[in-house]
Amino acid sequence: MLKNTKKAVRLILKNFSFLLILFALFFNNNLRAQEAEKKFIGFIDSLEGSVNKEDVDDLIKLNAFDQIFTNDKIKIGPDSSIIISFIDNSILTVESDSEFLVEKFDKISEEPSFIISIPKGKFAFESGTIAKNDKGIMKIKLSGMEVDLKGTLVTGANSDEAKTISLVKDSMGNVGELEVTVDGQTTAITEEAAGLNLSGDNQIKN
């Protein structure tokens, strides 16, 4: 009887240890998933007015020099603006009543990628090393309009009324190129000050 009891206790302890190992592995994998979801990509260079980061149901006030991570949903209030410096030397300026988040940022792989979603607002974006890499993928999503950048500066806006994107000479005096895709159709833009204006069902190349 005592022998059977000891055997049962050893079996319970063995199963308990196995469960602890499984829990530790699950917890560790969960932490890694959270770390992958939130990766440091830059910092706030400057801001004016009210700028917040959405955190579940709360808004967290942001200040100059705060860090920015992937999947941070950032909201810029009325009469406010923000300038963000990314670790690939890109610079994003976003003006009042705007929202944006960085869906993907990878500057170390063989094919680096950088994807920004701007559901609404006015912005300017000067691309860094990812967009200047021949194998790099640099995209700006404007809910229905997708812009691929190659080493350039762009300005644009996304609202219920219209979506616009324009190619601008960058701070080094260079003009890159854009590929703008709307409803599966792609338009190439290679000339300075050229752009695309999407208003309702009308698509106008400037």
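Let me begin by describing the structure that accompanies this report. All values reported here derive from a predicted model rather than from experimental measurement. (Residues numbered from 1 in each chain as written. Predicted model: local features only at pLDDT ≥ 70, side-chain atom pairs only at ≥ 80, totals over all residues. Heavy atoms only, no water.)

### Concerning the overall build of the protein
Defined as follows: The way it works is that DSSP assigns letters per residue, a run of H or I at least four long becomes a helix, a run of E at least two long becomes a strand, and they are numbered from the N terminus. The rule is simple: take the accessible area with a 1.4 Å probe, protein chains only, and divide by the maximum for that residue type; under 20% is buried, over 50% is exposed, in between is partly exposed. It only takes one pair of heavy atoms within 4.5 Å for two residues to be counted as in contact. Shrake-Rupley sampling with a 1.4 Å probe provides the accessible areas, and residues are treated as covered by the protein chains on show and by no other component.
The helix and strand inventory of the protein stands at two helices and 17 strands. Residues classed as buried in the protein amount to 34% of the 206 residues present. When contacts within the protein are restricted to residue pairs at least 6 apart in sequence, long-range pairs at least 24 apart make up 48% of them. As presented, the protein carries roughly 12500 Å² of accessible surface, and 53% of it is formed by carbon and sulfur atoms.

### Examining the packing of aromatic side chains
Worth spelling out the cut-off: Between rings of Phe, Tyr and Trp, where Trp is taken as its six-membered ring, a pair exists when centres lie within 6.5 Å; planes separated by under 30 degrees are stacked, by over 60 edge-to-face, and by other angles tilted.
Applying the stated criterion across every chain yields a total of five aromatic pairs. Summarising the aromatic geometry, the rings of Phe 105 and Phe 114 are spaced 4.7 Å apart at their centres and angled 70° between planes, so their arrangement reads as edge-to-face. The exposure class of Phe 105 is buried, given its relative accessible area of 3%. The class for Phe 114 is buried, based on a relative accessible area of 0%. With centroids separated by 5.8 Å and ring planes inclined at 75°, the aromatic side chains of Phe 114 and Phe 125 adopt a geometry described as edge-to-face. You'll find Phe 114 and Phe 125 in the same group, each marked buried.

### With respect to a nonpolar patch on the surface
We apply this condition: Like-charged residues are merged into a patch within 9 Å and nonpolar side chains (Val, Leu, Ile, Met, Phe, Trp, Tyr) within 5 Å, provided each residue has over 30% relative accessible area and no salt bridge. By convention in these notes, a salt bridge is any Lys or Arg side-chain nitrogen within 4 Å of a carboxyl oxygen on Asp or Glu.
A cluster of nonpolar residues, Phe 40, Phe 43, Phe 65 and Ile 87, forms a patch on the protein surface that exposes about 380 Å² of accessible area. Among the secondary structure elements, Phe 65 is positioned in the loop between strand E3 (58–61) and strand E4 (67–69). Taking the relative accessible area as the measure of exposure, Phe 65 reaches 63% and is therefore exposed.

### Details of the side chain of Lys 53
For Lys 53, the location among the structural elements is in strand E2 (residues 51–55). Ignoring anything within four residues of it in the chain, the contact list for Lys 53 reads Asp 58, Leu 59, Ile 60, Leu 62, Asp 72 and Lys 73.

### Things to note about the side chain of Ser 90
As a reminder of what qualifies: In protein, a polar contact means a hydrogen-donor-capable atom and an acceptor-capable atom, both N or O and within 3.5 Å, with residues adjacent in sequence counting only if both atoms are side-chain atoms; elsewhere, any N or O pair within 3.5 Å suffices.
Residue position: Ser 90 is located in the loop between strand E6 (81–86) and strand E7 (91–94). Classification of Ser 90 as buried rests on a relative accessible area of 1%. A distance of 2.8 Å separates polar atoms of two side chains, one belonging to Ser 90 and the other to Asp 88. In contact with Ser 90, not counting residues within four places along its chain, are Ile 84, Ser 85, Phe 114, Phe 125, Glu 126, Ser 127 and Gly 128.

Taken by themselves, the reported measurements are silent on function.
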